[in-house]
Amino acid sequence: MRWHKVDGPFCAICGVALVRELTTKTLWQGWWGVGSLIVGTPFALLSNWGAYRKLRRLQPAIPVPGTRQLPLGKPVLHRPLAYVALVPLIWAATVLTHVITSAA
């Protein structure tokens, strides 16, 4: 499990671009351990969602000469790597279903 935090003043577009990138990485790479599956990844996704909501409330930025904005990129659910998260989720649902039906 590894935590990655990005600090800095970001305009709405750059901030949303970073949240999209980091959320996609979390969905792709964040599930591959028991602690990550149960606590780490859900916490990271909720944290990213909170940051996204704050960034969406910001006014559009005025470009500063000599700087460039990050490309906004595709929304998270339009990125193929985000769907890798379905593999551990399906596995966890299968195991949970098996445990519940076996106990009865």
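So, a few notes on the structure that sits alongside this text. (Residues numbered from 1 in each chain as written. Predicted model: local features only at pLDDT ≥ 70, side-chain atom pairs only at ≥ 80, totals over all residues. Heavy atoms only, no water.)

### Topic: the overall build of the protein
Turning to step 1, where the next piece is worked out: Counting its secondary structure elements, the protein contains three helices and zero strands.
Turning to step 2, where the next piece is worked out: Mapped from its N terminus to its C terminus, the protein presents α and β elements in the order α-α-α.
Turning to step 3, where the next piece is worked out: Against the compact-globule benchmark of 13 Å for 104 residues, the protein has a radius of gyration of 17 Å, which places it well outside the compact range.
Turning to step 4, where the next piece is worked out: Each principal axis of the C-alpha distribution contributes one length, and for the protein these read about 65 × 25 × 25 Å.
Turning to step 5, where the next piece is worked out: The contacts in the protein between residues at least 6 apart in sequence include a share of 74% that link residues at least 24 apart. (Helix = DSSP H or I, 4+ residues; strand = E, 2+ residues; numbered from the N terminus. Rg over C-alpha atoms; globule rule 2.2 N^0.38 Å. Contact = heavy atoms within 4.5 Å.)

### Focus: helix α1 (residues 12–29)
Turning to step 1, where the next piece is worked out: Between its terminal C-alpha atoms α1 stretches 25 Å, which fits the 26 Å expected from 18 residues at 1.5 Å a residue.
Turning to step 2, where the next piece is worked out: Residues Ala 12, Cys 14, Gly 15, Val 16, Ala 17, Val 19, Arg 20, Thr 23, Thr 24, Thr 26 and Leu 27 constitute the buried set of α1.
Turning to step 3, where the next piece is worked out: Tucked inside the fold, the buried residues of α1 contact α2 (34–56). (Expected span 1.5 Å × (residues − 1). Buried < 20%, exposed > 50% of the residue type's maximum accessible area, 1.4 Å probe, protein only.)

### Description of the packing of aromatic side chains
Turning to step 1, where the next piece is worked out: Counted under the stated rule, the structure contains zero aromatic pairs.
Turning to step 2, where the next piece is worked out: Sitting over the face of the ring of Trp 49, Arg 53 holds its NZ or CZ atom 5.0 Å from the ring centroid. (Phe/Tyr/Trp six-rings, centres within 6.5 Å; stacked < 30°, edge-to-face > 60°. Lys NZ or Arg CZ within 6 Å of the ring centre and 35° of its normal.)

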